[in-house]
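Overview (structure and organization)
Here are the chains, one letter per residue:
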Amino acid sequence: MIQSNMAPLGMAVAPHHLASESALAVLREGGNAIEAMVAAAATIAVVYPHMNGLGGDGFWLIMPPQGEPVAIDASGAAGSLAHFDFYSGEQSIPHRGPKAALTVAGTVSGWAEALKISAELGGAQLPLARLLGDAIRYAADGIPVTESQASATASKYSELVNQPGFARNFLPGGEAPRTGSRFTQPELANTLTALTIDGLESFYRGPLAHKLALEMSRLGMPITLEDLQNHQAKRRTPLRVSHQQGEIYNMTPPTQGLVSLAILGITDHLNMAAASDAQTVHRIVEATKLAFGLRDKYITDPQHISEEMQSLLESDRLAALAAQIDDAKAAPWGSGRGPGDTVWMGVMDSSGLAVSFIQSIYHEFGSGVVLPDTGITWQNRGAAFSLQPDHLLALAPGKQPFHTLNPAAARLNDGRTMVYGSMGGDGQPQTQAALFTRHVVQGMPLQQAVSAPRWLLGRTWGQASESLKLEGRFSAETIATLRELGHEVELLPDFSEAVGHAGAIVRHNNGMLEGAFDPRSNGSAAGF
């Protein structure tokens, strides 16, 4: 039996245990779930630097004990110099280098906006220096390199080694760091310390902003000081879907939160509670294809969307999609958007305040560009733009790129609250559907639902195959049945990072908090 962790007063789940512990320490000192998440976000930017950082974007889904949830879109737009002429001669936006680092980094603005909401909720607020304290110490004194970081550095060495600032910051001695070796980031420690002195706004409208803008100009990035100064995190009303089990919430465009909700809304019209393992996978995969169709038709910068996104999640529209699913045959499909390295984290406190959060620099190490004297690795999220003028995702200065990122939460009819999510690009909505279906609909214990073998429809890093990829722990019968249904099945290792790092927290009606982390990660579910 694989057991969940349970605690009465606070719970934090992260894909790196040091981030979980940073959140837990804040909760122990009387901080709330939002403050704890800021601490975890800062720490994981240091200890999982290949997957997220200050140079990336973030999204928040905040669930108060009572009242409506609020979302924060902390994603940046394309720089004012990021126009078609800037990419003259290119067929597509490159994934590495200064031309890939074309969007403003929004994640720090999300921390600031979340702390404003925290203050509005009342209670004593911990100093910013306390919230970033663990991250500063880990950056200055060093952390043990994870296998995940070591393998990502080694596998992408050739395309990253010559990017500005990368070798200086991530290749000690000119080589990929070994698992378990001490890894320090003194420049990042100085940047985090400066933020505690000058405030988080300094990233956009203070001394740090001027420093960033100067270095971006020197490197030939298409982002200006004015672009930084114009950036603001935005509060959003989350999308939601009414499910037989309760209300499920997710993020608005430019994210694919619609996809995650649509999959669960479509499968809610099927008999998932009684589904076999193979039927569960088949139905969710088929719903995923239909949901990706909605995504590819509609989702872009919200200022460029004419359709009302919430209307796409009406029960009758989802029922019509569910009717298209053939239980005896896999439908053909085109292609996905590919993978993405990200971190999902969740925190709940004793008041019932809950946070579902996601932070990313897109590909591992983002653009590979590390801004001089800052330790900040800049994201390559803008690579999601198209250089085709008539494309839904066509590049334009000031336009937000499409995001795979989407944190999830649910208020269940039985009184429980759940926050959950995963990293993994196209895999995020698929993993969310697996977790919710297995735990909430089929009654699988929470940690077992996270640990159980998963799948990915679409590409993994370095592969062009759009097959259905299954972890090797699926039964031979399930694998054979899926192949008989017409799925092009490939097998992954038993515990593969390709299917993401997932996690979940559930608040029970007696106030007890249950957390589950992903054994595929370096994470933990830490409570007290």
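These lines cover the structure that appears in this document, whether it is placed above or below. (Residues numbered from 1 in each chain as written. Predicted model: local features only at pLDDT ≥ 70, side-chain atom pairs only at ≥ 80, totals over all residues. Heavy atoms only, no water.)

Moving on: the side chain of Ser75. Here Ser75 shows up in the loop between strand S4 (70-74) and helix H3 (107-120). A polar side-chain atom of Ser75 sits 2.6 Å from a polar atom in the side chain of Asp73. Setting aside residues up to four positions removed in sequence, Ser75 forms contacts with Asp57, Gly58, Phe59, His231, Pro254, Gln400 and His403. (Helix = DSSP H or I, 4+ residues; strand = E, 2+ residues; numbered from the N terminus. Polar contact = N/O pair within 3.5 Å; in protein donor to acceptor, adjacent residues only side chain to side chain. Contact = heavy atoms within 4.5 Å.)

So, about helix H15 (residues 315-322). Taken together, the buried positions of H15 are occupied by Leu318, Leu321 and Ala322. Angularly, the buried residues of H15 cover 100° about the axis, an arc narrow enough to put them on a single face. Buried-residue contacts for H15 involve strand S8 (239-243), helix H13 (257-267) and helix H14 (277-298). (Buried < 20%, exposed > 50% of the residue type's maximum accessible area, 1.4 Å probe, protein only. Arc of directions from axis to C-beta.)

Turning to helix H9 (residues 186-198), a few remarks are in order. If you check H9, its first and last C-alpha atoms are 18 Å apart, about what 13 residues at 1.5 Å a residue would give, namely 18 Å. Within H9, the full set of buried residues consists of Glu187, Leu188, Ala189, Thr191, Leu192 and Leu195. In the segment just after H9, Gly199 is the residue with positive phi, at about 95°. (Expected span 1.5 Å × (residues − 1).)

In this section: the environment of Gln310. Structurally, Gln310 is set in the loop between H14 and H15. The class for Gln310 is partly exposed, based on a relative accessible area of 27%. In this structure, the C-alpha to C-alpha distance between Gln310 and Thr252, residues 58 residues apart in sequence, is 9.0 Å. Within the local environment of Gln310, its side chain forms a polar contact with the backbone oxygen of Arg240, the two atoms lying 2.6 Å apart.

Here the focus is empty space enclosed by the protein. Applying the stated criterion across every chain yields a total of three cavities of 30 Å³ or more. As a volume, the largest cavity reaches approximately 90 Å³. Looking at the largest cavity, it is lined by 13 residues, and the ones nearest its centre are Ala45, Asn52, Gly53, Gly375 and Thr377. Of the residues contributing to the lining of the largest cavity, the split by class is seven nonpolar, six polar and no charged. The computed volume of the second largest cavity comes to approximately 40 Å³. Taken together, Val13, Ala14, Pro15, Trp344, His501, Ala502, Gly503, Phe517, Asp518 and Ser521 make up the full set of residues lining the second largest cavity. When the residues that make up the lining of the second largest cavity are grouped by side-chain class, the tally is six nonpolar, three polar and one charged. (1 Å grid on protein atoms, 1.4 Å probe; cavity = no way out; pocket = protein on both sides within 12 Å on 5 of 7 lines; lining within 4 Å. Points joined across faces, edges and corners; volume = space filled by probe spheres on them. Nonpolar A, V, L, I, M, F, W, Y, C, P; charged D, E, K, R; others polar.)

Attention now goes to the sheet that holds strand S1 (residues 5-7). Strand pairing in a sheet relies on backbone hydrogen bonds, with the paired strands running either antiparallel or parallel. Judged by pairing direction, the sheet is antiparallel, and its seven strands sit side by side in the order S1-S20-S19-S15-S14-S9-S8 without closing on themselves. Two strands bound the open sheet, and with one partner strand each, they are S1 and S8. When strand polarity is set aside, the average angle formed by the axes of neighbouring strands in this sheet is 15°. Here five bridges tie strand S19 (residues 502-507) to strand S20 (residues 513-517), and the two strands are oriented antiparallel to one another. Its bridge partner lying in S20, Val506 is registered against Glu514. (Pairing = 2+ DSSP bridges. Axes fitted to C-alpha atoms, helices over the stretch in contact; angles between N-to-C directions.)

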